[in-house]
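Residue-level structural notes
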Amino acid sequence: MRITLTVLISLLTTTFLFGQKFSVGGEIGFISSINTNFKIADIENRRNTYYTGLSLNYKYDDRLSFTTGFHYLRQGYRHSTCYIFEEGVKNELVGKIDYLTIPLSVNIDLLKSRKLIATFGLLGAYNIKAVQDYPEPIGGCLIYYERDLTKSIKQHSLYGTFGIGYKVFKTENVVLISNIKYYQGLTNIKRNPYPNITWVDKYSSLLLTLSLNYTL
């Protein structure tokens, strides 16, 4: 994480020296995530929410560019409980595991038109929220679903990223890109309470986003 931050600061300090090679932008969209406690195809157990971020892009040539920035990664899961709730209250627990992240990615413009973009990279993440939300029960089982997960979640995690983007709109200074991305956790996000047992708790996320970049 410290190395990634150093690279980001270095890019920011050289922006004024390289003018047209840099662009800044914002990204917003939809993210659907799940962890290894569930199958990746279990749609009812996925947390679906928004995704947002700020990016800094460096254009190496007409085909190759690099991206970093600060992004807000919201991940989690959802499932029913064995509690009883008041009539009309949905029986659902939502895990919210949120991160402030710094991406480092390589972008390759494809096709003769250069409108299609393939992206590969890594994402360093710092945990800023780890809770489980559910309505106040009025009865049911004796199982306690802990609301605050901060002590059991590691502060740092690492993700591998892959994406495909398409330049929907482009002028001399502005580019609008639609993106489909996939993030795969490379490290366990939970602390292992059983040192003698192999522990796997990672997240995978699918994103649909729009990014708007402005050339400096």
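Every chain is numbered independently, its residues counted from 1 as its sequence is written. Where local features are concerned, this predicted model is filtered to residues with pLDDT of at least 70; where side-chain atom pairs are given and counted, the filter is 80 or more; whole-chain, interface and lining totals use all residues. The side-chain figures draw on all heavy atoms in the structure; neither hydrogens nor water molecules are used.

1. So, the layout of surface pockets
- Estimates place the volume of the largest pocket at around 840 Å³.
- Lining the largest pocket are 46 residues, with Asn57, Ser65, Asn107, Ile177 and Asn213 positioned closest to its centre.
- Taken together, the elements giving at least two residues each to the lining of the largest pocket come down to strand E1 (22-35), strand E2 (47-59), strand E3 (64-79), strand E5 (93-110), strand E6 (116-133), strand E8 (156-170), strand E9 (174-185) and strand E10 (203-215).
- For the lining of the largest pocket, the leading source of residues is E8, giving seven residues.
- Taken together, the residues of the lining of the largest pocket sort by class into 13 nonpolar, 21 polar and 12 charged. Lining residues are defined by having an atom within 4 Å of a point belonging to a cavity or pocket. Those points lie on a 1 Å grid over the protein atoms alone, cavities being sets where a 1.4 Å probe fits but cannot get out and pockets being open sets with protein on both sides within 12 Å along at least five of seven lines. Grid points are joined across faces, edges and corners, and a volume is the space filled by probe spheres set on the points. A run of H or I in DSSP counts as a helix once it spans at least four residues, and a run of E counts as a strand once it spans at least two, with each numbered from the N terminus. Here the term charged refers only to Asp, Glu, Lys and Arg, the term nonpolar to Ala, Val, Leu, Ile, Met, Phe, Trp, Tyr, Cys and Pro, and the term polar to all other amino acids, Gly among them.

2. What to know about the environment of asparagine 57
- In this fold, asparagine 57 is placed in strand E2.
- Every residue pair with non-hydrogen atoms within 4.5 Å of one another is taken to be in contact. In this structure, asparagine 57 is in contact with Lys21, Phe22, Ser23, Phe66, Thr67 and Asn213, ignoring residues within four places of it in sequence.
- A distance of 3.4 Å separates polar atoms of two side chains, one belonging to asparagine 57 and the other to asparagine 213. A 3.5 Å cut-off defines polar contacts: any pair of N or O atoms within that distance qualifies, except that in protein one atom must be a possible hydrogen donor and the other a possible acceptor, and neighbouring residues in sequence count only when both atoms are side-chain atoms.

3. What to know about the side chain of serine 32
- Mapped onto the fold, serine 32 is located in strand E1.
- Within the structure, serine 32 has its side chain in polar contact with the side chain of arginine 46 (distance 2.6 Å).
- Ignoring anything within four residues of it in the chain, the contact list for serine 32 reads Arg46, Arg47, Asn48, Ser204, Ser205 and Leu206.

4. Examining a nonpolar patch on the surface
- By definition, no residue in a patch forms a salt bridge, and every one has over 30% relative accessible area; like charges are joined within 9 Å, nonpolar side chains (Val, Leu, Ile, Met, Phe, Trp, Tyr) within 5 Å. The Shrake-Rupley method, run with a 1.4 Å probe sphere, supplies the accessible areas, and residue values consider only the shown protein chains as cover. The rule for a salt bridge is simple: a side-chain nitrogen of Lys or Arg has to be within 4 Å of a carboxyl oxygen of Asp or Glu. A cluster of nonpolar side chains, Phe30, Ile40, Ile180, Tyr182, Leu206 and Leu208, forms an exposed patch at the surface whose accessible area comes to about 540 Å².
- Breaking the nonpolar patch down by element, the ones donating at least two residues are E9 and E10.
- Its place among the elements puts phenylalanine 30 in strand E1.
- For the exposure calls, accessible area comes from a 1.4 Å probe over protein chains only, and a residue counts as buried if that area is under 20% of its type's maximum, exposed if over 50%, partly exposed in between. What makes phenylalanine 30 partly exposed here is its relative accessible area of 36%.

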